[in-house]
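Residue-level structure breakdown
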Amino acid sequence: DTDPLVLFMPSGKRGRFAVGTPVLEAARQLGVYVESVCGGRATCGRCQISVQEGQFAKHQITSSLDHLSPPGAREARYDEVRGLPAGRRLSCSATILGDLVIDVPQDTVVNAQLVRKSADDRIIQRNPAIRMCYVEVDEPDMEKPLGDLDRLKASLARDWHFDDLAVDTHLLSQVQSILRKGGWKVTAAIHQDPSADRAHLIALYPGLKNEAYGIACDIGSTTIAMHLSSLLSGRTIASAGTPNPQIRFGEDLMSRVSYVMMNPDGRAAMTNAVREALNGLIDRVSADGGIARSDILDSVFVGNPIMHHLFLGIDPTELGGAPFALAVSRAVQARASDLGLAMNDGTRSYLLPCIAGHVGADAAAATLAEGPHRQDDMMLLVDIGTNAEIVLGHSGRIVAASSPTGPAFEGAEISGGQRAAPGAIERVRIDPVTLEPRFRVIGIEPWSDEPGFAEAAETIKVTGICGSGIIEVVAELYLAGILSEDGVIDGTLAGRSPRIVANGRTFSYLLSDGEPRITVTQNDIRAIQLAKAALYAGVKLLMDRQGVATVDRIGLAGAFGTFIDPTYAMVLGLIPDCDLGRVKAVGNAAGTGARMCLLNRDHRREIEALVGRIEKIETALEPSFQQHFVDAMALPNKVDAFPHLSK
Ligand code: FES
């Protein structure tokens, strides 16, 4: 075969094409996603590629693409008017003359760093569910009395191969005026997601509309985060977060379910609260991004099952107890306006599938982002909240469960506990000789190294201790010899240090003697032991199911995972033994998974298929859970060794 060989990077897809084939056409045939809004008229500039030298590039770069044909002339005009970056070509106009290695540029998705969330600058290959399609529509003709909308559909079928296009009803009243305003040249926004029945015309703009946006949202029970991205370049334009206003109805998930059960209007009140917060965030990100909210055409949402249900307006009562029945577990496609969100009338919404009644769309999104199914390492993914969502697996098999850790890790049920907010102790060290503590408090300059601890104690009013601080203080008490393996504070040390104080029949550790006094009581330690034992027992069940005694890597998701120190998590026996270098905070992995589904509909299929084959384990029904739980009450564990801790 003597036709030139064309290789597309980074996908690696390749094929032979006749001389003179436009590169965009070659990409289409190979299923390589290259954006195009103007349909090859060399006016939108979205189809840019660059030519790499490579083993297939036998010719000079300039000579293997045609500059002089009519398409080449159009490209030169685009370059003159709009300017093409050095080395870039318009793939609709560049035709193949010889062997080529072509680079499809993927703009880096820059994630503005959310407060207390780790940055994630991964590159997401694009193939959005929304396509912007410019067409020139035939003018009306009395001889052929075909409606304006019908001729528009005919043009879209002719130029873009949308043969069975459905049209959103709200557009019917607008079609004629938009067509005339654009002088019969319009851009159609088409939503095409294979899990929806057919492609839909969802918005229509006069002339060339060379931009479209989407939002990806992680509805956490504590914080709601939103990213605004360009669907055409993949860039994240703005990010914003806000506390979940449902907190006023109940701090943790189960108290929100109780609120619904106890108040006739409770469900509606919480649904409205989350939708209002989302509308507020939509306002903020569109203002920050300098766009109109009506230019947002797609939206993706993730959340745990209860957040997911309340957002959809579904009563979550069934999720409050066994068998934890989800109203809907598969992915949901909806109109954003039906979900009470004000963007464009045609904006679509996509909710990722839930894995199980306790393991939600957020865990599915985190799994998609971290990709245990794409690797051979046995990976443990843990998202710690009131319920820990746990996923363990590799390319061969994935199992998931949730474990009822309770709110102790979030600072609830702990005497001095509070949310991670200014004034909260978040890092603790205890001197094993003097038994004196040093700590770091949220709200002062980020700590650099150890000396930062001492200053914090003096300059900031300490109001409590947050989740990461609790983990550290219990681990440090144990490492300093104050706490036994069974988690009992050693009262005989009371004579050695004024920090050990009698408290009825047990002892407490005085962490801060300011106002308020912050003590760690025996009850606090019990609460942490119960929480960590529940988490570890859940992890062990999954390891049993996989038939492994160790894991190769651990990803700690969510805000809590970002701020706990993996070493302390392991000292406590919260997570199984693992090479500490391979225990990573994976930040807002759920948000990343949502962005992946926003920018590439193939990721929607990927997670839908994956969730279908994830094995769900109901921890409450497993006979060995209780034994694992009892063993895990000890620090770090009664039976399991932690060889990596001694290194
Ligand atoms: Fe619009 Fe190439 S497709 S410039």
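Residues numbered from 1 in each chain as written. Predicted model: local features only at pLDDT ≥ 70, side-chain atom pairs only at ≥ 80, totals over all residues.

**Comments concerning the overall build of the chain**
Quick reminder of the rule: For helices the rule is a DSSP run of H or I covering at least 4 residues; for strands it is a run of E covering at least 2, with both sets numbered from the N terminus onward. Here the globule rule is a power law, 2.2 Å times the number of residues to the power 0.38, and the radius of gyration is based on C-alpha atoms. Exposure classes come from backbone-placed C-beta atoms, where a residue is buried if 20 or more other C-beta atoms lie within 10 Å of its own, exposed if 12 or fewer do, and partly exposed in between.
Helix and strand content of the chain: 16 helices and 27 strands. Its C-alpha atoms give the chain a radius of gyration of 28 Å, near enough to 26 Å, the size a compact globule of 647 residues would have. Burial statistics for the chain: of 647 residues in total, 50% are counted as buried.

**Some remarks on the confidence of the model for the chain**
Filter applied, for reference: For every residue, the pLDDT score states the predictor's confidence, bounded by 0 at the bottom and 100 at the top. Contact criterion: two residues are in contact if their C-beta atoms, reconstructed from the backbone, are within 7 Å.
Within the chain, residue pLDDT values average 88, and 91% of them lie at 70 or more. Between residues 55-61, whose pLDDT stays under 50, and residues either more than four places distant or in other chains, the model counts 17 contacts. Overall, residues 446-452 carries pLDDT values under 50, and its contacts beyond four positions in sequence, including any with other chains, amount to 4 contacts. Two numbers describe this predicted complex: its pTM, 0.86, and its ipTM, 0.99.

**Details of the sheet that holds strand E18 (residues 398-403)**
Selection rule: In this scheme, strands are said to pair when DSSP sees at least two bridges between them.
Read across the sheet, 6 strands follow the order E26-E25-E16-E17-E18-E27 without closing on themselves; strand pairing throughout is mixed. At either end of the open sheet lies a strand with only one pairing partner, and these are strand E26 (583-587) and strand E27 (615-616). The pairing of strand E17 (residues 388-393) with E18 spans 6 bridges and is classified as antiparallel. The residue bridging Gly393 from the neighbouring strand is Ile398, located in E18.

**Things to note about helix H14 (residues 589-599)**
In terms of burial, H14 is largely enclosed, as 11 of its 11 residues are buried. For H14, the full list of buried residues reads Ala589, Ala590, Gly591, Thr592, Gly593, Ala594, Arg595, Met596, Cys597, Leu598 and Leu599.

**Thoughts on the domain arrangement of the chain**
To be explicit about the condition: The start and end points of each domain follow an automatic or database-based domain assignment.
Here the chain is partitioned into domain 1 (5-103), domain 2 (217-361), domain 3 (368-407 + 527-645) and domain 4 (417-519). Spacing between the C-alpha centres of domain 1 and domain 2 amounts to 41 Å.

**Brief notes about the pairing of strand E25 (residues 553-557)**
Both faces of the sheet carry side chains from a regular strand, because those side chains alternate between them. Of all 5 residues that make up E25, 4 are buried, and the element is covered over most of its length. As judged from the 5 bridges shared by strand E16 (residues 379-383) and E25, these two strands associate in the parallel manner. The residue of E25 that forms the bridge with Met379 is Arg553. Pairing analysis gives 4 bridges linking E25 to E26, with the strands arranged parallel. Its bridge partner lying in E26, Gly555 is registered against Lys584.

**Some points on the packing of helix H8 (residues 361-370) against helix H15 (residues 601-613)**
The condition is simple: To get an axis, a line is fitted to the C-alpha atoms, and for a helix only the part in contact is used. The angle between two axes follows their N-to-C directions and goes from 0 to 180 degrees. Should an angle fall under 35 degrees it is called roughly parallel, over 145 degrees roughly antiparallel, and 65 to 115 degrees roughly perpendicular, with every other angle called oblique. By convention, the crossing between two helices is left-handed when the near helix turns anticlockwise from the far helix through less than a right angle, and right-handed when the turn is clockwise. Following the grouping adopted for this structure description, the nonpolar residues are Ala, Val, Leu, Ile, Met, Phe, Trp, Tyr, Cys and Pro, the charged ones are Asp, Glu, Lys and Arg, and the polar ones are all others, Gly among them.
Between H8 and H15, the least distance of the axes is 10 Å, while the angle of their chain directions is 115 degrees. As summarised for this structure, H8 and H15 are arranged roughly perpendicular, according to the angle between their axes. With respect to the hand of their crossing, H8 and H15 are arranged in right-handed fashion. Listed contacts from H15 to Ala364, Thr367 and Leu368 of H8 are His603, Glu606, Ile607, Leu610 and Val611. Across the contact of H8 with H15, the residue classes break down as 5 nonpolar, 2 polar and 1 charged.

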